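Structure at a glance
Below, each chain spelled out in residue letters.
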Amino acid sequence: MTNILNQKLKRLRFLSASPQSLLDEMTAAGSPHRYHRGDSVYIQNDEPRAAYLILTGMVNRETTQSGGAVIQHARALAGDWLGLANVTSRIVPYMHSAIVADTSEILAFDIQRFVSLRLNPDFSHYLLQIVGKEQLAEEERHLNNLSSARSYDKLILFLAAEMDRMQKRSAPVLHSPYIVGTQKYFADTIGASRETVTRDL
């Protein structure tokens, strides 16, 4: 089983040239699962439990709006991660559902094991090649999805979580483009002033 997982990992983007020791460590840390069409890897608004690396298959990212409409995002394919931004940036909860589009093999890394993996310089180098684009795309989807829902309470809760995350990273909270963009959304579509947002936070 270990050799089979190693071979599948080595076929994924950015891992083909990785040292065998990294593949062995990822295989040991991950928990393999087989999903079938229609299965859910996780559901929107669930508390993050793990990050998931797709070995084979396809997974849809779907956001359900407050009115029940479902927005489909780009499909995740082999080599893509699900829930990566939630684990790397402590974004909670999952902001979309991950629904299997075709039979898929997925390697799940619970948060504790994922954090341990990041101590490996080879794994950190691997993440550096993908996490920037993945995280940016994920956070843009979060803002777009929440904006579509037009739920002030939901946005306030999310903004509070984002500010808390940035403060823990010693990032400049008030001047974050993410925070400024969210405040602009309040002003343009809800009419909530900055003072109102500050009070509610």
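Here's a quick rundown of the structure. What you see as residue numbers is a count from 1 along each chain, following the sequence as written. Local features in a predicted model are, by the rule used here, given only for residues with pLDDT of at least 70; side-chain atom pairs are given and counted only at 80 or more, and totals for whole chains, interfaces and linings are based on all residues. The side-chain values count all of the structure's non-hydrogen atoms but skip hydrogen atoms and water molecules.

Attention now goes to the overall build of the chain. Within the chain, the regular secondary structure consists of eight helices and seven strands. Using a 1.4 Å probe on the protein chains alone, a residue whose accessible area is under 20% of its type maximum counts as buried, one over 50% counts as exposed, and one in between counts as partly exposed. Within the chain, the fraction of its 201 residues that count as buried is 47%. Contacts are assigned to residue pairs with any non-hydrogen atoms lying within 4.5 Å of each other. In the chain, the share of contacts with a sequence separation of at least 24, taken over all contacts with a separation of at least 6, comes to 73%. Element-wise, carbon and sulfur atoms account for 53% of the exposed surface of the chain, whose accessible area totals about 10300 Å². By the criteria applied, helices consist of DSSP H or I runs no shorter than four residues and strands consist of E runs no shorter than two, each listed in order from the N terminus. Each accessible area is a Shrake-Rupley result for a 1.4 Å probe, and residues are judged covered by the shown protein chains and nothing else.

Judged by nonpolar contacts, the single largest core of 22 residues is most densely connected at L9, M26, W81, F109, F114, F123 and Y126. Mapped onto this core, the elements with two or more residues apiece are α1 (2-10), α2 (20-29), β3 (50-64), α3 (84-88), β7 (97-110), α4 (111-117) and α5 (121-149). When residues no more than four places from it in sequence are discounted, the contact partners of L9 are L15, L23, M26, T27, L53, L55 and L107. Within this scheme, the nonpolar core is defined by two criteria: the residues are buried Ala, Val, Leu, Ile, Met, Phe, Trp, Tyr or Cys, and they are joined through side-chain atoms within 4.5 Å.

Here the focus is the packing of α1 against α2. Axis lines are fitted to C-alpha atoms, over the contacting stretch for helices. Their N-to-C directions set the angle, which ranges from 0 to 180 degrees. Remark: α1 packs on α2, axes separated minimally by 9 Å, with the N-to-C direction vectors making an angle of 120°. Between α1 and α2 lies a crossing whose hand is right-handed. Residues T2, L5, N6, L9 and K10 of α1 form the contact with α2, whose own contacting residues are Q20, L23, D24, M26 and T27. Ten residues, namely Ala, Val, Leu, Ile, Met, Phe, Trp, Tyr, Cys and Pro, are considered nonpolar, four, namely Asp, Glu, Lys and Arg, are considered charged, and the remaining ones, Gly among them, are considered polar. Residues of the contact of α1 with α2, tallied by class, amount to four nonpolar, four polar and two charged. Should the near helix be turned anticlockwise from the far one by less than a right angle, the crossing is left-handed, and should it be turned clockwise, the crossing is right-handed.

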